[in-house]
Amino acid sequence: MRADSGHLEVRGHLVLDDAVAPGRLTIEDGRIAAVDIDDEAGKGAEALPYVAPGFVDVHVHGWGGHDAMGSTDDLDGMARVLLQHGVTSFLPTGVTNPLPVIRAFADRVRAWIPCAPADGAEPLGFNIEGPFISPARRGAHNPAYLMTPAEVRWAEIEPLVEGLRLTTIAPEIPGGLELITRMQALGVRVSIGHSAADLDTAIAGYDAGGTSTTHLFNAMTGIDHRAPGVAVAALTRDDAFVELIADEQHVHPALWPIIWRTKPAGRLLLVSDALSLAGAGDGRLSIGGLEVDVKGDRCTLADGSGTLAGSVIALDTAVRNMTHHGAALPVAVAAASRNPLALLGVTDRGRIAVGQRADLVELDDDVRVRRVMRGGDWLTAGS
Ligand SMILES: [Zn+2]
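Residues numbered from 1 in each chain as written. Predicted model: local features only at pLDDT ≥ 70, side-chain atom pairs only at ≥ 80, totals over all residues.

Help me understand the overall build of the chain in this model?
A tally of regular secondary structure across the chain gives 10 helices and 21 strands. Computed over the C-alpha atoms, the radius of gyration of the chain is 20 Å, within 12% of the 21 Å expected from 2.2 N^0.38 for a compact globule of 383 residues. Projected onto its principal axes, the C-alpha positions of the chain cover 60 × 45 × 40 Å. Taking all 383 residues of the chain together, 52% fall into the buried category. For the chain, contacts bridging at least 24 residues in sequence account for 68% of all contacts bridging at least 6. (Helix = DSSP H or I, 4+ residues; strand = E, 2+ residues; numbered from the N terminus. Rg over C-alpha atoms; globule rule 2.2 N^0.38 Å. Buried ≥ 20, exposed ≤ 12 C-beta atoms within 10 Å, placed from the backbone. Contact = placed C-beta atoms within 7 Å.)

Have a look at this one:
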């Protein structure tokens, strides 16, 4: 609800770039007009919430029973349910499918973006994961639909580009490096992943224009001390962003500090990689023509291989998990807000600072979402 004057105040423990401080935000016309730090503000009897920038999920395949590759009603539903979890901006993310199916997804999201619901997370474009990935590290992508750039005419790929903000490419497949360079030149961010590359080929992928890394450690060559792979290139290149699925399933939490101690501040991205059944209970779903079972907090291919197929978390859980495993709150919050926006080159939101869009999430002392503001309007009821 917008205050009549278009002016409101938000009090809390403000999650700033590198610190948390009690204070007050003044919101005017949907933007942060003033940030006042007030050490006395935190001393009242009433427990103040944390106030953080809204979360941004650049890798999310669905939520709450809604599939990003489904209908525009699904996109509406997904945007609205993500917002309840503090996600104020996102990229609906498609998976490996026949190219006409991926083109239809791209067309549908493009047509939907101008009429996306104001009470949902805002789409910033879309992400496509596959089909130009390695069969050896395909994870839960359908092997029948994998392709190499060398065997596909550019005229079949070009219709995907408008609105495409992020895509995963394995650098070692035929034509992979050329496609990375071409996409990067067109303004699409390329994420290295689903890759069996050795160290040198992974480095060549970043040199060719790769700027991020799809779910670090999952579906890639890892840290073998005699055969270092993509994970080593991703961790040791200061300019490379890395995604982490912090659901405690995809990467053991014992490894998480290796990431945040190794990567420069600003290069870690929390992503959900959530599937449509996230938040909708146990069951079976189909993704890219493969059957996936959701049981508790694990999603695995139904073929008995045990291959993880995505998560059932949203970024609120990822941020909370990070703090439970020792990350400072500003580090965890930046990984879910400012950093993914930096990857996309979006600078008008994602920080508690004057002039920024008032996309905010109020969190309790265990980092659970209380309410969410998008563009200066509180959009979910407080709990
Ligand atoms: Zn994914």
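Would you explain unusual backbone geometry in this entry?
Apart from glycine, the bulk of residues carry a negative phi angle, and the bulk of peptide bonds sit in the trans form. Following Gly130, the chain continues into Pro131 via a peptide bond in cis, with omega recorded as 5°. Counting through the fold element by element, Pro131 comes out in the loop between strand E10 (126-129) and helix H3 (154-157). In the Ramachandran plot, Ala219 falls in the positive-phi region, its phi being about 60° despite a non-glycine side chain.

Quick question: what am I supposed to make of the sheet that holds strand E18 (residues 298-301) here?
Across a sheet, paired strands are connected by hydrogen bonds in the backbone, their directions being either parallel or antiparallel. Sheet architecture is open: three strands sit in the order E16-E17-E18, paired in antiparallel fashion. Looking along the sheet, the strands with just one partner apiece sit at the ends: strand E16 (283-287) and E18. Across this sheet, the average inter-strand angle for adjacent strands is 30°, counted without regard to direction. With five bridges connecting them, E16 and strand E17 (residues 290-295) associate as antiparallel partners. Bridge assignment links Arg284 to a residue of E17, and that residue is Asp293. (Pairing = 2+ DSSP bridges. Axes fitted to C-alpha atoms, helices over the stretch in contact; angles between N-to-C directions.)

Sorry if this is basic, but what is going on with the nonpolar core here?
Looking at soluble globular proteins, one finds that nonpolar side chains tend to be buried together. Membership of the largest hydrophobic core comes to 116 residues, with the highest contact counts inside it found for Leu82, Leu270, Leu275 and Ala336. Two domains share this core, each providing at least three of its residues, namely domain 1 (7-51 + 354-378) and domain 2 (55-344). (Core = buried A, V, L, I, M, F, W, Y, C linked by C-beta atoms within 7 Å. Domains from an automatic or database assignment.)

Would you mind going over the sheet that holds strand E2 (residues 20-28) with me for this structure?
Ordered in space as E3-E2-E1-E4-E19-E20-E21, the seven strands form an open sheet in which the pairing is mixed. In this open sheet, the two strands that pair with only one neighbour each are strand E3 (31-37) and strand E21 (377-378). Here E2 runs beside E3; their pairing, made up of six bridges, is antiparallel. Bridge assignment links Leu25 to a residue of E3, and that residue is Val35.

Would you mind showing me how to read the pairing of strand E19 (residues 360-363) here?
In summary, the side chains of a regular strand alternate between the two faces of the sheet. Across the two faces of E19 the burial is the same, with Leu360 and Glu362 and Val361 and Leu363 all buried. Bridging between strand E4 (residues 50-53) and E19 involves four bridges; their strand directions are antiparallel. Its bridge partner being in E19, Tyr50 is matched across the sheet by Leu363. With four bridges connecting them, E19 and strand E20 (residues 369-374) associate as antiparallel partners. In the strand pairing of E20, Leu360 is matched with Met373.

Any chance you could explain the domain arrangement of the chain here in plain terms?
How big an interface is tends to be expressed through the accessible area that disappears when the partners come together. What the domain assignment reports for the chain is domain 1 (7-51 + 354-378) and domain 2 (55-344). Contact residues are listed per partner, giving 14 residues for domain 1 and 14 residues for domain 2. The leading source of residues in the side of domain 1 that touches domain 2 is E20, at three residues. In terms of residue class, the side of domain 1 that touches domain 2 is built from eight nonpolar, no polar and six charged. (Nonpolar A, V, L, I, M, F, W, Y, C, P; charged D, E, K, R; others polar.)

What am I meant to see in helix H4 (residues 176-185) here?
At 3.6 residues per turn, the α-helix brings residues three or four places apart onto the same side. Within H4, the full set of buried residues consists of Gly176, Leu177, Leu179, Ile180 and Met183. Along the axis of H4, the buried residues cluster in a sector spanning 160°; they form a single face. Buried residues along H4 sit in contact with strand E11 (164-169), strand E12 (189-192), helix H5 (199-207) and strand E13 (210-213). In the stretch just after H4, Gly187 is the one whose phi turns positive, near 90°. (Arc of directions from axis to C-beta.)

Would you explain helix H1 (residues 72-84) in this entry?
End to end, H1 covers 19 Å across 13 residues, agreeing with the expected 18 Å (1.5 Å per residue, within 8%). Buried residues of H1: Asp74, Leu75, Gly77, Met78, Ala79, Val81, Leu82, Leu83 and Gln84, and no others. Gly86 lies just past H1 and shows a positive phi near 90°. (Expected span 1.5 Å × (residues − 1).)

Where do I start with the environment of Val369 in this structure?
Inspection of the secondary structure puts Val369 in strand E20. A residue is classified by how many C-beta atoms lie within 10 Å of it, and Val369, with 26 of them, is buried. A sequence separation of 283 residues divides Val369 from Gly86, and the C-alpha atoms of the two residues are 6.4 Å apart. Sequence-distant contacts of Val369, defined by excluding residues within four places in its chain, comprise His85, Gly86, Asp316, Val361 and Leu363.

Just to check I follow, could you spell out the environment of Val333 for this structure?
With respect to the element layout, Val333 can be found in helix H9 (residues 329-335). Considered as a pair, Val333 and Thr323 are 10 residues apart in the sequence and their alpha carbons are 9.4 Å apart. Residues in contact with Val333, not counting those within four places in the same chain, are Val15, Ala52, Pro53 and Val319.

Which parts of the structure should I look at to understand the pairing of strand E8 (residues 87-95)?
Most of E8 is tucked away: nine of the nine residues are buried. Inspection of the sheet shows E8 paired to strand E9 (residues 122-123) by two bridges, in the parallel sense. Residue pairing in the sheet places Ser89 in a bridge with Glu122 of E9. Where E8 lies against E10, three bridges are found, and the strand directions are parallel. In the strand pairing of E10, Thr93 is matched with Asn127.

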